[in-house]
Amino acid sequence: MLKNYQIYSRKYEYAVFNNFFKKLETKDFVASELFESIKLLMGNACANKVKKSGLENLHNFIPCEYLPFLVKILQKRIDKFFLHFSVLFAKKKLGLRKNFFVDQSIIYRIHYPFEIGKKSNLKKANYLKLNLDHYKSAKQQIKNSLKNKNLHQIEKRFKEAIKYQRNLPTAVWCHGPHKDTWFGHSYNGINIWYAVAGVTKKNGVILYPSISAKNLKHLRSPNYIAPGQLLPKPIIPAVNNGSLLIFNSETLHATRINTGNTTRIVITTRINPFKPTFYDGTTEAEYPSWFSAQDIEKNIFESPISFPRKENLKLKKKTKKTPIKSERVFVINKQLPQKEPVYICKSQKIKNNEKILLKFQNRQIILFKSESKFHALSASCPHVGINLIDGFHDKKSIFCPGHGLRFDVKSGFSECKSLRIKIFRIKNISKKLYLIN
Ligand code: FES
Ligand SMILES: [Fe+2]
């Protein structure tokens, strides 16, 4: 049985368990707790409408502004259930026998379709000022918070995250590619990602197992992957609702921008077969509180065990790992003019399938050749501005290395109506390439 654990947790692998939850009727339990939580927050009529329509249509009934309150109510109702569940799963499916640890922090992720959620006025800064325990005054609190101009006193790391997310509402926030250890979670952790409702390939988690063992560099606050590292095609595992995905906390992963028309509801927990140890290169949040599996089984929740980061750092051996490939950059020391062709280079300088980043003073453009055809497109993703140069491409599409949005390289359209990139013309005259704006 230990073999399972080794496969899933040590080799940056992932696995989907389709039937485990079904047997325990977890899906029904979570759904009924969600309906109860909606009832408390929004009233009977709203809960009945959601029940009739399905949890995946939550966005049609509950404005984004109320989601932080809903999550808080739900969390209080089912946190303990999920702690028990994590123990049961780790024993039955991962073969963990000895005592192991379960992270106290269980995360409830309700993610609205991008085109709907982006319209909300409640941004992260407002959300941080709400008293979520007082859900009865939710309406008034939201109103006051939207009027509150004094929102600047928030922690630096939140300010940086808000900047990264371009101040979009939290209901559509997406994590860029990261390892959880960069965000303060423990090494050797096994992430349990439970799909409650509305999960599709258009809003799932993106995994990059094939490069997770490489020497990846990350930014600071938020600690997402640093630019200049070419990503492979994003993998979005097919996880049916009611099923469960597990992956190692060192596997590079990101949130897929929700381009579908369903609300994605996911609950995540983390287990660790060892004493948790942490990465010293981060200033992100700490996750020191854990329960032992034995305590959970005995319903002892009063005194979680504390593993503060400072006292439990993992000392890494310095090994020489090869960095991952980056694409070539051509710096063009002038502004990109309107309509006038600009000479770029001789056509044979561009290899098939390679992307080049053209850095003009006023704009960045990606040039690539596929099956003898040249393509040029705007490098900045219109979602939150990540440079597309590090994204996987083929002759039809380019995938954003931020949150996996796919663009058509001929039209510039993406799967999101409001997100489109500009396409430029390339002229090949006597084996010389010219770009036309
Ligand atoms: S999909 Fe988010 S920045 Fe491109
Ligand atoms: Fe993560």
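Cut-off values and rules
Residues numbered from 1 in each chain as written. Chains lettered and ligands numbered in written order. Predicted model: local features only at pLDDT ≥ 70, side-chain atom pairs only at ≥ 80, totals over all residues. Helix = DSSP H or I, 4+ residues; strand = E, 2+ residues; numbered from the N terminus. Rg over C-alpha atoms; globule rule 2.2 N^0.38 Å. Buried ≥ 20, exposed ≤ 12 C-beta atoms within 10 Å, placed from the backbone. Contact = placed C-beta atoms within 7 Å. Axes fitted to C-alpha atoms, helices over the stretch in contact; angles between N-to-C directions. Left-handed = near helix turned anticlockwise from the far one by under 90°. Pairing = 2+ DSSP bridges. Arc of directions from axis to C-beta. Domains from an automatic or database assignment. Nonpolar A, V, L, I, M, F, W, Y, C, P; charged D, E, K, R; others polar. Core = buried A, V, L, I, M, F, W, Y, C linked by C-beta atoms within 7 Å. Parallel < 35°, antiparallel > 145°, perpendicular 65-115°, else oblique.

S.K.: Help me out: how do you make sense of the overall build of the protein chain in this one?
M.R.: When you go through the protein chain residue by residue, the secondary structure sums to 10 helices and 19 strands. Over its C-alpha trace the protein chain gives a radius of gyration of 23 Å, about what one expects of a compact globule, namely 22 Å for 437 residues. A principal-axis box enclosing the C-alpha atoms of the protein chain has dimensions of 75 × 50 × 40 Å. Classification of the 437 residues of the protein chain by burial places 43% in the buried group. When contacts within the protein chain are restricted to residue pairs at least 6 apart in sequence, those whose partners lie at least 24 apart make up 76%.

S.K.: Whenever I open this one, the packing of helix 3 (residues 26-42) against helix 4 (residues 44-53) confuses me. Can you help?
M.R.: Any two packed helices are characterised by how steeply their axes cross, that is the angle between the axes, and by the distance between the axes. With their axes 7 Å apart at the nearest point, helix 3 and helix 4 run at an angle of 145 degrees to one another. Helix 4 is crossed by helix 3, and the crossing has right-handed handedness. Together, Phe35, Ile38, Lys39 and Met42 of helix 3 and Asn44, Cys46, Ala47, Val50 and Lys51 of helix 4 make up the contact between the two elements.

S.K.: Just checking my understanding: could you explain the pairing of strand 19 (residues 432-436) for this structure?
M.R.: It is a general feature of regular strands that their side chains alternate between the two faces of the sheet. Only one face of strand 19 is buried: it carries Leu433 and Leu435, and the other face, with Lys432, Tyr434 and Ile436, is open. Bridge count between strand 12 (residues 342-346) and strand 19: four bridges; the pairing is antiparallel. The partner of lysine 346 across the bridge, within strand 19, is lysine 432. Taken together, the five bridges between strand 18 (residues 423-429) and strand 19 define a ladder with antiparallel strand orientation.

S.K.: What am I meant to see in unusual backbone geometry here?
M.R.: In most cases, non-glycine residues show a negative phi, while peptide bonds are predominantly trans. The peptide bond linking serine 221 to proline 222 adopts the cis configuration, its omega dihedral lying at -5 degrees. Here proline 222 is to be found in the loop between strand 5 (205-207) and strand 6 (244-248). Phi is positive for asparagine 188, which is not a glycine, with a value near 65 degrees. For asparagine 188, the location among the structural elements is in the loop between helix 9 (156-164) and strand 4 (190-197). Even without being a glycine, serine 221 presents a positive backbone phi close to 50 degrees. Along the chain, serine 221 falls in the loop between strand 5 and strand 6. Residue serine 221 is classed as partly exposed on the basis of its C-beta count, with 16 C-beta atoms lying within 10 Å.

S.K.: Explanation requested: the sheet that holds strand 19 in the structure shown.
M.R.: What the seven strands build is an open sheet, ordered 11-13-14-15-18-19-12; its pairing is mixed. At either end of the open sheet lies a strand with only one pairing partner, and these are strand 11 (328-331) and strand 12. Strand-to-strand twist across the sheet, computed as the mean angle between neighbouring axes with direction ignored, equals 30 degrees.

S.K.: Honestly, the pairing of strand 18 in this entry has me stumped. Any pointers?
M.R.: Sheet topology places strand 15 (residues 373-378) next to strand 18; two bridges connect them, and they run antiparallel. Its bridge partner lying in strand 18, alanine 376 is registered against phenylalanine 424. In textbook terms, the turn of a hairpin is the stretch between consecutive antiparallel strands, and for strand 18 and strand 19 this stretch comprises two residues, one of which, serine 430, has a positive phi near 50 degrees.

S.K.: Just checking my understanding: could you explain the environment of valine 205 for this structure?
M.R.: Its location among the elements puts valine 205 in strand 5. A count of 27 C-beta atoms within 10 Å places valine 205 in the buried class. Along the backbone, valine 205 and histidine 253 are 48 residues apart, and their C-alpha atoms lie at a distance of 7.0 Å.

S.K.: Just to check I follow, could you spell out helix 8 (residues 138-147) for this structure?
M.R.: Every α-helix winds through 3.6 residues per turn, so residues three or four apart in the chain are directed the same way. Those residues of helix 8 not exposed but buried are Ala138, Gln141 and Ile142. Taken end-on, helix 8 shows its buried residues confined to a sector of 100 degrees, consistent with a single buried face. Away from its buried face by more than 90 degrees, helix 8 exposes Gln140, Lys143 and Lys147.

S.K.: What am I meant to see in the domain arrangement of the protein chain here?
M.R.: Note: interface size is frequently given as the accessible area lost on complex formation between the parts. Assigned domains within the protein chain: domain 1 (2-312) and domain 2 (328-436). The straight-line distance from the C-alpha centre of domain 1 to that of domain 2 is 34 Å. With 23 residues of domain 1 at the contact, the number on the domain 2 side is 18 residues. Looking at the side of domain 1 that touches domain 2 residue by residue, the classes come out as 12 nonpolar, six polar and five charged.

S.K.: Looking at this model, I keep getting lost on the nonpolar core. Mind explaining?
M.R.: What tends to happen in soluble globular proteins is that the nonpolar side chains get buried as a cluster. Ranked by internal contacts, the top residues of the largest apolar core, which has 106 residues, are Leu41, Leu70, Val196, Ile365, Ile366 and Leu367. Examining the composition of this core, we find that 12 residues originate from one element, helix 5 (residues 67-92), more than from any other. Here this core gathers at least three residues from each of two domains, domain 1 (2-312) and domain 2 (328-436). Discounting chain neighbours no more than four positions away, the residues touching leucine 367 are Ile344, Ile350, Ile356, Leu358, Phe374 and Ala376.

S.K.: What am I meant to see in the packing of helix 3 against helix 5 here?
M.R.: The contact between helix 3 and helix 5 brings their axes to 8 Å, and the two run at 155 degrees. If you check the angle between helix 3 and helix 5, you find them roughly antiparallel. Pair helix 3 / helix 5 crosses with right-handed handedness. Between helix 3 and helix 5, the contacting residues are Thr26, Val30, Glu33, Leu34, Ser37, Ile38, Leu40 and Leu41 on the first element and Phe69, Leu70, Ile73, Leu74, Arg77, Ile78 and Phe85 on the second. Split into classes, the residues belonging to the contact of helix 3 with helix 5 amount to 11 nonpolar, two polar and two charged.

S.K.: How should the environment of glutamate 56 be read in this particular structure?
M.R.: Residue position: glutamate 56 is located in the loop between helix 4 and helix 5. Glutamate 56 gets classed as buried once you count the C-beta atoms within 10 Å, which come to 20. For the pair formed by glutamate 56 and tyrosine 112, sequence separation is 56 residues and the distance between their alpha carbons is 9.2 Å. Ignoring sequence-local partners within four residues, the contact set of glutamate 56 consists of Ala197, Gly198, Thr262 and Thr263.

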